[in-house]
Amino acid sequence: MMDKLRRALSGNDGEDEERGFVAQVVDSSSLGWGTRVKGFIACFVIGIILSVIGSVCLFFGSRGLVAFSVFYTTGNIIALVSTCFLMGPLNQCKKMFSPTRVVATVLVFVCLVLTLLSAFLWKKSGLALLFCIIQFLAMTWYSLSYIPYARDLVKKTVSTCMG
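Small disclaimer: the values here were computed from a predicted structure and weren't measured. (Residues numbered from 1 in each chain as written. Predicted model: local features only at pLDDT ≥ 70, side-chain atom pairs only at ≥ 80, totals over all residues. Heavy atoms only, no water.)

Trainee: What should I look at first to understand the packing of aromatic side chains in this one?
Mentor: Aromatic rings in a pair are described by how distant their centres are and how their planes are angled relative to each other. This model, assessed by the stated rule, comprises 4 aromatic pairs. Note on Tyr142 and Tyr146: the rings are 5.4 Å apart at their centroids and 80° apart in plane angle, and the pair reads as edge-to-face. Residue classification places Tyr146 among the partly exposed residues on the basis of a relative accessible area of 30%. Sitting over the face of the ring of Tyr146, Arg101 holds its NZ or CZ atom 3.7 Å from the ring centroid. (Phe/Tyr/Trp six-rings, centres within 6.5 Å; stacked < 30°, edge-to-face > 60°. Buried < 20%, exposed > 50% of the residue type's maximum accessible area, 1.4 Å probe, protein only. Lys NZ or Arg CZ within 6 Å of the ring centre and 35° of its normal.)

Trainee: Looking at this structure, how should I read unusual backbone geometry?
Mentor: Peptide bonds are mostly trans, and most non-glycine residues show a negative phi. You will see that Lys123, though not glycine, has its phi angle at about 55°, which is positive. Summarising the element assignment, Lys123 is placed in the loop between α6 (102–120) and α7 (125–144). Residue classification places Lys123 among the exposed positions, given a relative accessible area of 63%. The phi dihedral of Tyr149 is positive, around 65°, even though this residue is not glycine. With respect to the helices and strands, the residue Tyr149 is situated in the loop between α7 and α8 (150–162). (Helix = DSSP H or I, 4+ residues; strand = E, 2+ residues; numbered from the N terminus.)

Trainee: How should I be thinking about the environment of Ser55 in this particular structure?
Mentor: The topology assignment puts Ser55 in helix α3 (residues 33–57). Accessibility expressed as a relative area gives 34% for Ser55, which makes it partly exposed. Along the sequence, Ser55 and Ser69 sit 14 residues apart, while their C-alpha atoms lie 8.9 Å from each other.

Trainee: How should I be thinking about the side chain of Asn76 in this particular structure?
Mentor: When you line up the elements, Asn76 lands in helix α4 (residues 61–87). A polar side-chain atom of Asn76 sits 2.6 Å from a polar atom in the side chain of Gln135. Excluding its chain neighbours within four sequence positions, the residues that come into contact with Asn76 are Ser51, Leu112, Gln135 and Met139. (Polar contact = N/O pair within 3.5 Å; in protein donor to acceptor, adjacent residues only side chain to side chain. Contact = heavy atoms within 4.5 Å.)

Trainee: When you look at the environment of Gly75 in this model, what are you seeing that I'm missing?
Mentor: Mapped onto the fold, Gly75 is located in helix α4. In this structure Gly75 comes out as buried when scored by relative accessible area, which is 0%. Gly75 sits 26 residues away from Ile49 along the chain, and the two C-alpha atoms are 7.3 Å apart. Each residue touching Gly75, except ones within four places of it in the same chain, is listed here: Gly47, Leu50 and Ser51.

This is the structure in structure tokens:
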């Protein structure tokens, strides 16, 4: 069971004979499965903690909105990077920019950048909050792409509620 999960997350569904020498060397020099899981959990928890700290900053007025934007965005980036431990950075990038996820991925990255720009460069806390909301929605849509039929379910639910 764990071997199937490991192969699925790392993208190694094929047999070892089909893989080249370079791929086998890279696999043998990479992190072990236990270390990968620990790295994923550590980064994901740190990302969540930073997002929660950012949410607490919302109660500190207009200066808190900037802190919220920074903590929330940093937390999302770290949580997103945490999946690289499970799949590997190259495989993660391939999956992120697959045709079914490319729009959501680009939207997430654009929102991450716009949130930080509005907080630091433009100093518009309301705009930063708006980009954080869009960032949350984009991250949710991106995450749903990894769950079979989840996007279809959300679309049907929203269309039922709206009309």
